[in-house]
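Fold and geometry: a report
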Amino acid sequence: MRNIRLYGQFLRMAVLGKVQYKADFLVGIVSVLILNAVNLSLIGILVYNFNTLGDWNIWDLLFLYSFWMLSRGIYGVFFWHLSDLEEMIVSGTFDAYLVRPASPFLQFIGKDISYTGVGDFLVGLLGFILASAQIGLHWHIGQWVYFVICVLSGALIQVAINWIGASLCFWTTRSNAAMYIAERFTVLMQQYPVNIFGKYFQVFVTCFLPVAFINYYPSVVLLGKAVTKIQVWQYGAPVVAVLLLAIAAFIWTKGVKRYAGTGN
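Residues numbered from 1 in each chain as written. Predicted model: local features only at pLDDT ≥ 70, side-chain atom pairs only at ≥ 80, totals over all residues. Heavy atoms only, no water.

**Considerations on the overall build of the protein chain**
- Of the regular secondary structure elements, the protein chain holds 13 helices and zero strands.
- Helices (α) and strands (β) of the protein chain occur, in sequence order from the N terminus, as α-α-α-α-α-α-α-α-α-α-α-α-α.
- A burial count over the protein chain gives 47% of its 264 residues as buried.
- Long-range contacts, defined as pairs at least 24 residues apart, comprise 78% of the intrachain contacts of the protein chain with a sequence gap of at least 6.
- When the accessible surface of the protein chain is summed, it comes to about 13,600 Å², and 69% of that surface belongs to carbon and sulfur atoms. (Helix = DSSP H or I, 4+ residues; strand = E, 2+ residues; numbered from the N terminus. Buried < 20%, exposed > 50% of the residue type's maximum accessible area, 1.4 Å probe, protein only. Contact = heavy atoms within 4.5 Å. Areas by Shrake-Rupley, 256 points an atom, 1.4 Å probe, with all protein chains shown as cover.)

This is the structure in structure tokens:
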């Protein structure tokens, strides 16, 4: 309970710091909206020329993209600065977290928030509303609960993947290049349905870098697209999120214990 209150205080200070720069906030939101408009336009052009991708039409793809944007928005607001760990370790500023009477991870994740995540979430919300209206979705309460759980699970999967990548800095000092590759790969995968790729690729994004659980498998369930014989995969997002977070926490803990500073 103390940690929750402490994290709340860290977030409050981070928000107060951000609101001092209102113009920066507005420019950041607008830039995110423009970037997502470009991504959606490219998807639209592709579908316009080929009519569908597999059995996914333009509104299905908008639903898929919006699903990802909702979870990415949550991740972006609270955890986008995970990539800052590299610079903090190189400069030695991370050392300050180790001498304070609070969890180093709690101090680290509470040090900042990203307003660009708000833009991503708004894009996701608007896209979801539009896609749902065009597809004609009529969900019962269980489907709504599953949807919310999977959006949160998708956010946590992204947190875990980037947390693991950031934690590698404790051994390698620099890991942002690997994180960037994983990020670009994730972005690509969330824009298109996994089933248009080859079988081995589908296995990779399901079992090794499980980004297919961020939006693809939940969308398969919610849109009624039975595309896999292994039905359990389609409901695995919450389990994958928990497992990845456990792995990330383990690697972080090991890394903090062996961290001895860089001498800066």
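**Focus on the environment of Gln 158**
- Locating Gln 158 in the fold gives a position in helix 8 (residues 141-167).
- Leaving out residues up to four positions away in the same chain, Gln 158 has contacts with Trp 68, Ser 71, Arg 72, Tyr 75 and Ile 214.

**Considerations on the pattern of salt bridges**
- Here the structure, examined in full by the defined rule, presents two salt bridges.
- Measuring nitrogen to oxygen at the nearest pair gives 3.7 Å for the salt bridge that ties Arg 72 to Asp 120. Of this pair, Arg 72 sits in helix 3 (residues 58-79) while Asp 120 sits in helix 7 (residues 116-135), and the two are 48 residues apart along the sequence. Asp 120 shares its class with Arg 72; the two are buried.
- Its salt-bridge partner being Arg 72, residue Glu 183 comes within 2.8 Å of it at the nearest N-O pair. Taken together, the positions of Glu 183 in helix 10 (residues 176-190) and Arg 72 in helix 3 put the pair 111 residues apart, joining distant regions of the chain. One exposure class covers both Glu 183 and Arg 72, and it is buried.
- Ionic contacts of the salt-bridge type, sharing partners, join the residues Arg 72, Asp 120 and Glu 183 into one network. (Salt bridge = Lys/Arg side-chain N within 4 Å of Asp/Glu carboxyl O.)

**What to know about a nonpolar patch on the surface**
- Taken together, the side chains of Ile 141, Trp 144, Val 145 and Ile 149 define a hydrophobic patch exposed on the protein surface, amounting to about 390 Å² of accessible area.
- When you line up the elements, Ile 149 lands in helix 8.
- Residue class for Ile 149 comes out partly exposed when judged on its relative accessible area of 38%. (Patch = residues over 30% accessible without salt bridge, like charges linked within 9 Å, V, L, I, M, F, W, Y side chains within 5 Å.)

**Observations concerning helix 3**
- Counted at 1.5 Å a residue, the expected span for helix 3 with its 22 residues is 32 Å, and the 30 Å between its end C-alpha atoms agrees.
- Burial analysis of helix 3 places 18 of its 22 residues in the buried class, the great majority of the element.
- Residue Asn 57 occupies the N-cap position of helix 3, its side-chain oxygen lying 2.9 Å from the main-chain nitrogen of Trp 59. (Expected span 1.5 Å × (residues − 1). Polar contact = N/O pair within 3.5 Å; in protein donor to acceptor, adjacent residues only side chain to side chain.)

**Here's the deal with the packing of aromatic side chains**
- Under the definition given, this model contains 25 aromatic pairs.
- Judged by centre distance (4.8 Å) and plane angle (70°), the ring pair of Trp 139 and Trp 144 falls under edge-to-face.
- For Trp 139, a relative accessible area of 13% puts it in the buried group.
- Taken together, the ring pairs connect Phe 94, Tyr 97, Phe 105, Phe 108, Trp 163, Phe 170 and Trp 252 into an aromatic cluster. (Phe/Tyr/Trp six-rings, centres within 6.5 Å; stacked < 30°, edge-to-face > 60°.)

**A short note on the packing of helix 3 against helix 10**
- Direction vectors running N to C along helix 3 and helix 10 enclose 140°, while the axes themselves pass 9 Å from each other. Judged on the interaxial angle alone, helix 10 and helix 3 are oblique. When helix 3 is examined against helix 10, the residues Leu 64, Tyr 65, Trp 68 and Arg 72 are found in contact with a partner set consisting of Glu 183, Val 187 and Gln 190.
- Of the residues in the contact of helix 3 with helix 10, the class split is four nonpolar, one polar and two charged. (Axes fitted to C-alpha atoms, helices over the stretch in contact; angles between N-to-C directions. Parallel < 35°, antiparallel > 145°, perpendicular 65-115°, else oblique. Nonpolar A, V, L, I, M, F, W, Y, C, P; charged D, E, K, R; others polar.)

**Focus on the side chain of Ser 167**
- Among the structural elements, Ser 167 can be located in helix 8.
- At 2.8 Å, the side chain of Ser 167 forms a polar contact with the backbone oxygen of Trp 163.
- In this structure, Ser 167 is in contact with Leu 85, Ala 248, Ile 251 and Trp 252, ignoring residues within four places of it in sequence.

**Things to note about the confidence of the model for the protein chain**
- Across the protein chain, the average pLDDT comes to 79, with 75% of residues at or above 70.
- For the protein chain, per-element mean pLDDT is lowest for helix 1 (residues 2-18), which scores 58, and highest for helix 8, which scores 93. (pLDDT = per-residue confidence, 0-100.)

**So, the nonpolar core**
- Phe 94 and Trp 252 are the most contacted members of the largest nonpolar core, which has 65 residues in total.
- A total of 12 residues in this core trace back to one element, the largest contributor, which is helix 8.
- With near-sequence residues (within four places) excluded, Phe 94 lies in contact with Leu 85, Met 88, Ile 89, Pro 104, Phe 170, Trp 252 and Tyr 259. (Core = buried A, V, L, I, M, F, W, Y, C linked by side-chain atoms within 4.5 Å.)

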